[in-house]
Amino acid sequence: MSTRFCFLFITLFSFSVLNAQQPIKPSTVELYNQIQKLNFLGSVLYIAAHPDDENTRLISYMANEVKARTGYLSLTRGDGGQNLIGPELRELLGVIRTQELIEARKIDGGEQFFTRANDFGFSKIPDETLRIWNKNQVLEDMIFIIRKFKPDVIINRFDHRSPGTTHGHHTSSAMLSIELFNQVNDVAVFPNQLAYTSVWQPKRLFFNTSWWFYGGRDKFEKADKSKLNNIDIGVYYTLLGKSNQEIAALSRSRHQSQGFGSTGTRGDDIDYLELILGDSPSNKNNLFEGIDTTWNRVKGGAAIGSLLATVEKNYDFKNPAASIPKLVEAYSLIQKLDEEHWRTLKTKELKKIIFGCAGLYLEAVAETQSTTPASILKVKVEAVNRSSQVMMLKNIFSKPEGKIDFASTALENNKPFYQEIELAIPKTQEYTSPYWLKESGTVGMYTVSNQENIGIPDIIRTITVTFSIEINGITIPFEREVIYKYNDEVLGEVYKPLDIVPVATSTIIDKVKIFDSNKTKKIGVKIKAGKDNCEGIAKLEVTKDWKVTPAEIPFQISKKEGEITVYFEVTPPQKSDEITVSSQLIINGQKEVFEQTLLKYSHIAQQQILSKSEAKFIKLDIKTNAEKIAYIMGAGDEVPVYLAQMGYSVTVLKPEEITKENLKNFQVVILGIRAYNTVEELAFKQQLLFDFVKEGHTMIVQYNTTGKLVTKELAPFSLKISRDRVTEEDAEVRFLAPTHSVLNYPNTISSKDFKGWVQEQGLYFPDEWDATFTPILSSNDRGENPKNGSLLIAPYGKGYYIYTGLSFFRELPAGVSGAYRLFANMISLGSKTNKL
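Heads up: these notes are all about the structure in this document. (Residues numbered from 1 in each chain as written. Predicted model: local features only at pLDDT ≥ 70, side-chain atom pairs only at ≥ 80, totals over all residues. Heavy atoms only, no water.)

### Examining the pattern of salt bridges
Right, on to step 1. Under the counting rule described, the total for this entry stands at 41 salt bridges.
Right, on to step 2. Lysine 124 is the partner of aspartate 781 in a salt bridge, and the nearest nitrogen-oxygen pair spans 2.8 Å. In this pair, aspartate 781 is assigned in the loop between β42 (777-778) and β43 (791-796) and lysine 124 in the loop between β3 (111-114) and α4 (126-133), connecting sequence segments 657 residues apart.
Right, on to step 3. Between aspartate 152 and lysine 203 there is a salt bridge, and its shortest N-O distance comes to 3.9 Å. You can see aspartate 152 sitting in the loop between α5 (135-149) and β4 (153-156) and its partner lysine 203 sitting in the loop between α6 (168-180) and β5 (204-207), a full 51 residues away along the chain.
Right, on to step 4. Judged by its relative accessible area of 0%, aspartate 152 is buried.
Right, on to step 5. For lysine 203, a relative accessible area of 32% gives the class partly exposed. (Salt bridge = Lys/Arg side-chain N within 4 Å of Asp/Glu carboxyl O. Helix = DSSP H or I, 4+ residues; strand = E, 2+ residues; numbered from the N terminus. Buried < 20%, exposed > 50% of the residue type's maximum accessible area, 1.4 Å probe, protein only.)

### Notes on the sheet that holds strand β35 (residues 649-652)
Right, on to step 1. Sheet architecture is open: seven strands sit in the order β35-β34-β36-β37-β44-β43-β41, paired in mixed fashion. Only two strands of the sheet have a single partner each, and these edge strands are β35 and β41 (774-775).
Right, on to step 2. Both strand β37 (residues 698-701) and strand β44 (residues 799-804) contribute to a ladder of four bridges, which runs parallel. From the neighbouring strand, isoleucine 700 faces β44, where its bridge partner is isoleucine 802. (Pairing = 2+ DSSP bridges.)

### Details of the sheet that holds β5
Right, on to step 1. Taken in spatial order, the seven strands of this open sheet run β3-β2-β1-β4-β5-β9-β6, and their pairing is mixed. If you trace the sheet from one side to the other, it starts and ends with β3 and β6 (229-232), each paired once. The sheet shows a mean angle of 30° between the axes of neighbouring strands, direction not considered.
Right, on to step 2. Alignment of strand β1 (residues 43-48) against β4, held across four bridges, turns out to be parallel. Pairing of valine 44 across the sheet is with valine 153, part of β4.
Right, on to step 3. Each of β1, β2 (69-74), β4, β6 and β9 (270-278) is contacted by helix α2 (residues 56-64), which is oriented at about 150° to β2, the strand it contacts most.
Right, on to step 4. On top of the sheet, α6 reaches β1, β4, β5 and β9; it is set at about 155° to β4, its chief contact. (Axes fitted to C-alpha atoms, helices over the stretch in contact; angles between N-to-C directions. Contact = heavy atoms within 4.5 Å.)

Here's what the structure looks like:
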């Protein structure tokens with residue numbers, strides 16, 4: 001087992017992510033390991049398709065045991081996945097999963113990168129994936145990121161030789177990695193990138209194989225692995241008291257939205273890698289064998305390496321500040337290097353070490369958590385030198401404003417320096433929002449016009465303060481983002497990022513509004529002020545066939561972050577229609593068109609997303625009955641909201657509220673997505689629910705996965721869930737039981753009702769069921785056999801049990817008319833007025 005120290009920012013595991021913006025306070029052990037990492041000039045890039053695809057054990061090992069600069073390139077942000085912690089899907093889920101990856105890398109020591117590829121949902125073959133993604137653009141992004149990162153070693157998570165055996169995104173990530181291996185060094189390939197970086201040639205490319213790719217652990221144990229590189233990643237980090245696997249498990253457990261909480265293990269643990277391209281290392285336990293990873297690889301670097309070796313050898317764990325003079329000397333030498341890549345990287349690393357060794361505390365705290373363009377922001381700056389090293393605070397600069405009026409001052413040992421400053425936020429300052437969501441994209445690609453932003457993982461924040469500190473005659477700039485913090489009586493010190501917000505935002509309360517008649521409906525628009533004394537007029541923009549009264553509504557909000565709701569009356573046209581409606585605010589002659597979404601989860605930093613304030617209005621030929629519905633939440637969805645839009649009375653029941661007495665108040669019980677994967681109490685409620693059906697009511701169960709189920713008895717009759725799915729949302733739907741009530745009452749369902757579905761028709765369809773069930777629909781992706789398990793109905797006693805894998809949880813929020821009509825029929829199946 002290894003007794004080497006490891007380079008980690010994770011020893012303070014007790015830090016809440018609420019403190020994600022908190023200044024770094026490295027321990028003396030962490031500082032020593034950062035010094036060790038300074039003397040390793042090698043890098044490895046891990047490549048896969050999604051958040052949670054990465055092998056955190058190998059990433060942690062490479063970053064912390066080998067000391068290599070280690071990155072993870074996830075081609076997508078995971079926008080198309082499911083969400084176990086909330087209702088957010090698509091782009092909002094992508095923001096959550098982006099932050100989960102960023103937090104994971106803070107734990108395992110890696111760096112995070114993304115392309116512009118949008119996770120559009122499950123894809124069975126890479127041909128489909130690359131067609132929807134725009135293969136050339138994804139390849140372009142990957143090449144740009146590799147040219148900037150300059151990895152010696154690339155590791156693919158997936159096998160490029162097995163299309164059709166796994167997610168199409170997975171195979172595509174490996175295929176593209178193979179294709180670009182030699183292109184990154186070709187000046188004729190995407191030459192426009194060379195204005196920002198230079199060509200590069202990785203030395204080796206590996207496939208990180210495992211038992212999963214062999215079809216099982218038994219088969220993998222028997223397989224010939226003599227030609228594979230093998231690495232024991234089960235090292236133990238003595239000073240941390242943790243194994244590499246324990247650290248990796250903490251990292252993987254950041255993927256809370258996907259339910260990937262992991263338990264760490266201990267002991268020997270072999271990871272296997274197959275060489276795909278490049279020269280083979282003679283030492284199969286060392287991926288960098290034969291690659292110069294010392295300072296000798298950089299012209300003029302030998303003296304720096306020698307100096308830093310001395311720092312490492314003489315490091316005093318009780319007095320890290322004793323290393324500062326030599327570290328500053330090394331900093332000065334690094335600034336003279338011609339090679340920009342290593343000069344930039346090692347300057348950044350060295351500044352962190354000097355900062356830590358001096359016990360420096362540098363912070364710029366805004367008076368408020370948000371501000372608007374063309375405003376004055378009050379900021380309190382603090383600088384503390386907690387060492388005996390003599391240093392001067394020479395200047396303070398702010399972005400975007402410039403130099404602050406300030407007199408140079410000595411930073412004496414443990415004597416805080418404070419100054420309050422005012423920052424003039426320009427009128428042209430961009431709002432805070434994920435940069436990849438600011439421009440209109442396609443189903444498969446985000447649009448990012450600024451080449452320099454490609455690959456950047458996080459929201460780009462540009463309000464900063466730079467402290468210029470002189471040490472031994474050398475001035476070193478330390479840049480800090482302006483943040484906001486406050487004291488919570490329970491949590492203590494809480495940090496949040498500073499957001500630039502519009503003067504006001506608006507949200508149409510109902511994202512989908514169903515008009516099932518010609519009657520006028522009231523539409524609420526919530527307005528939130530981004531500053532004090534905000535006033536203007538609100539408007540609702542619709543097409544000419546729709547009528548809105550009044551045409552505009554004046555509003556006034558006295559306090560920042562205050563909210564009011566105004567109401568318009570909307571009358572639909574006579575004929576069926578679907579429109580996108582926008583909300584607009586006119587303030588001082590300027591149009592404000594955004595709504596604000598704040599994502600607040602304890603395991604990630606708070607995120608602001610600004611999007612156009614829009615909703616979908618549907619004049620729909622739909623008939624419903626007056627059923628009362630009990631909805632039992634599973635992993636989390638917004639289906640109850642949209643059922644209420646249809647006019648139903650919906651009550652969300654907690655598991656403990658599922659009693660015989662309570663169920664008497666309802667005609668229909670609906671279980672949310674993955675309820676039998678996530679709600680343990682359902683194992684003890686099944687008989688109650690089955691009795692409810694038997695007495696003449698309807699039970700609708702939405703999809704569950706093939707993973708852990710809280711009960712084997714999902715239905716009153718045998719039913720087996722499979723991994724069958726139809727990913728092509730426009731796949732032909734065939735009616736297997738065209739005369740069945742569910743296709744005819746109260747709405748007549750036709751093929752038109754399956755037009756306009758989004759992302760996928762459905763997932764995890766049953767593939768075996770009791771003869772009591774009637775399969776209603778059949779569809780399949782191109783080239784596949786029919787899948788008949790998307791909607792199954794069985795009479796039970798006097799009622800009906802329905803199991804469906806159709807993705808209503810996506811279609812209803814997207815305003816897909818046919819999904820509403822079909823769901824209404826499912827709800828009405830047991831209605832006494834159903835005469836069919």
